[in-house]
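Next come the chains, spelled out residue by residue.
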Amino acid sequence: MNENLKRMFNSVDRESRKRIALEQSWKFNYSRRTIPEHSFKTIALLANCSVEEVKEYFEFDSNGVENTEDFLIEGGRESSSTHLQRKPCYISSYDRFDACISCLPSSEEQCRFQKFRVFEQFSPDNFCPKVRFSSNNKPLPKFTYNDIISSNENDQYILETIAPAFQNILLKEHYHLKTLKNVIIRRILESDLRHLCDHCVTTIFSGYWMCSFCGTEICLDCYDEWNDLSRSRCKKGRVHKKANYFPITRLTLLDVQNLLDSVSNVISNKKDKINENLARSFILQTKWIDGEMNINQFQYMWRLGLPFMISGLNEKLTHSLWTPKYFSKQFGEAICSCIDVATKTSRKLKVGDFFAGFSYSSQNEKSKSYSPCLKIKDWPPNEDFAKAFPLHFNDFMFALPFKKYTHRNGAFNLASRLPPKTNPPDLGPKMYNAYGSTDEVGGKGTTNLHLDMTDAVNIMTYATPFEQRSKYEQQFSHAAVWDIYQMDDLPSLCKFLRKVAREQGVIIDHPIHDQWFYLDKSLRKRLLKEYGIKGVRIYQNPGDVVFVPAGCAHQVCNYTSCIKVALDFVSPEGVERSYKITRQFRTLMSDHKRKEDILQLSNVLFHTWITITYKADLQNSKGFFDKIKNWFS
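All figures in this text were calculated on a predicted structure; none of them were measured in a lab. (Residues numbered from 1 in each chain as written. Predicted model: local features only at pLDDT ≥ 70, side-chain atom pairs only at ≥ 80, totals over all residues. Heavy atoms only, no water.)

Undergrad: Please clarify how the pairing of strand E14 (residues 430–434) should be interpreted in this entry.
TA: Along any regular strand the residues' side chains alternate between the sheet's two faces. With four of its five residues buried, E14 lies for the most part within the structure. Pairing geometry for strand E13 (residues 374–379) and E14, over three bridges, is antiparallel. For Trp379, the partnering residue across the bridge sits in E14 and is Met431. (Buried < 20%, exposed > 50% of the residue type's maximum accessible area, 1.4 Å probe, protein only. Helix = DSSP H or I, 4+ residues; strand = E, 2+ residues; numbered from the N terminus. Pairing = 2+ DSSP bridges.)

Undergrad: How should the pattern of salt bridges be read in this particular structure?
TA: A pair can form between side chains of opposite charge whenever their charged atoms are brought close. A complete count under the given rule lists 20 salt bridges for this structure. Salt-bridge contacts for Arg112 lead to Glu217; the nearest nitrogen and oxygen are separated by 3.8 Å. Taken together, the positions of Arg112 in the loop between strand E2 (81–84) and strand E3 (117–120) and Glu217 in strand E7 (residues 217–219) put the pair 105 residues apart, joining distant regions of the chain. Judged by relative accessible area, which is 5%, Glu217 ranks as buried. A salt bridge links Lys499 to Glu530; its shortest N-O distance comes to 2.9 Å. Of this pair, Lys499 sits in helix H14 (residues 490–504) while Glu530 sits in helix H15 (residues 521–531), placing them 31 residues apart in sequence. Since its relative accessible area comes to 25%, Lys499 is described here as partly exposed. (Salt bridge = Lys/Arg side-chain N within 4 Å of Asp/Glu carboxyl O.)

Undergrad: Would you take a moment to explain the sheet that holds strand E17 (residues 480–485) for this structure?
TA: Within a beta sheet, neighbouring strands are joined by backbone hydrogen bonds and run either parallel or antiparallel to one another. Taking strand neighbours across the sheet as the criterion, the four strands line up as E15-E20-E17-E18 in an open arrangement whose pairing is antiparallel. Sheet topology places strand E15 (447–450) and strand E18 (536–540) at the edges, where each strand pairs with a single neighbour. Direction aside, neighbouring strands of the sheet carry axes that sit 15° apart on average. Of the pairings in the sheet, the one linking E15 to strand E20 (residues 553–558) comprises two bridges and is antiparallel in character. Each residue of the ladder has a partner; that of Thr447, found in E20, is Val556. (Axes fitted to C-alpha atoms, helices over the stretch in contact; angles between N-to-C directions.)

Below is the structure:
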């Protein structure tokens, strides 16, 4: 061995020795299609590693011959070729290159550069080959959809209603593809993965940008908003500029153009089918009796974004399933996380101990001892309600009105249009159990003011019987009260709450999304006096169902202990509001608990559109996928 090379080897650690030896081997053997077996032993000796490690570095098969399937195209000089990265970044073959953020020790994600990053082979004068990325011309993966029963009339109504929101998404994708058509890279991701922007945690539909050094992926909005004067969004600590990012898309320009043409055609042919007779004042009432409201009235109310309550569903519930005694007996030893409404602190309790306090919950009694208002939110927290409580799930779903909207496979619940393997959003149901509280001056209520990006329906299944309530609780003829504010009131409502936050010395990110405030009696009066805003006040008792449109800020106060079950759904009429709220969430601080886009609205609209547009072919699965394949080609 050359003495200089020996000294160099002895002065560095094992990993560096191996890398130097392997680089030297390319210098002497790069032009050969095979490397003799004795060369492997020599390189292993130099690198102080095993022959197997050397072979793994060169990605040779058992016969010592290069896996030529990885060499995609010949380029540069005659002896060089372009190589596709086939393994994760931490494999010795690639550890001289920048590792993607998914291959860093703290990550559990799959490698972002595997089967995607392309680089030139080493040569005597090229130890730092250029890095490129491969473009994929394969069709989109085949999707399997749920069976949705829907009439042609309903389908047409859905398309006409969602078309404007879907058009906004497609126009942005079209601009991305049109302006970058000569340099954009197409990449088909696994269909069962949720693809989120690394910066704003919003769902990436088709187009995005990737950092060539670390694989950080940012959405089209984040890229447009980013200027080079700000700090880089790369997660490896190096300062990057926009020039380090390259454009990627899942759909082709033809794909998006076809979708846009289809959407534009629906919009241009849309007829306003609103029955003017429904615009009479009685339709705007907030309290209805079960069976009194028909589907046309519901759709009119929902299009306007107006909350309301339907009462009289008590007889549809199996009351024995919803008592504190039942849950204590069946789940009493289970541990649950309880929140103290007043202090916002959390504690662990047995389910039986929590429900034992249902009859002694009032913190408003004139007594010396303090009784906290406790609640169990989102129960069960990490399990499908239908699996955890199958009897309760069936009972709850049976009682709900407007099943075409509220059921999981309802024709007007657009979440049902997502393929099951695309990791659909968890829309519930979830159970909400809480003790009694107060909405008077200084009261903390039960659920602070907040809003959701989806539509919601909430039914009260149990409240402490009147004769068992405390004297304070018996002052109220209702079990709970809701204050709901229309979406148009949000700007003024936010201004008011920011003023309150300054007065209280509270530091907030967003006055509503932080879920910090409950508007007690005094704050509600101030809001009306200073901004002219008065919320819709709805009183709820067992068997009452409250419908809350997406984007409507709302708060709840239980006057006594209550059990409620809530379910989210995605209506055609609500997608415009959901789209606006999704864009609000993406601007929240990076560690905000509500920042992540759980709805995937762009994916919901895409799959809704293609399943309805190709409904006839969907009934014949083969014909459907043939047509989709021809479309996305």
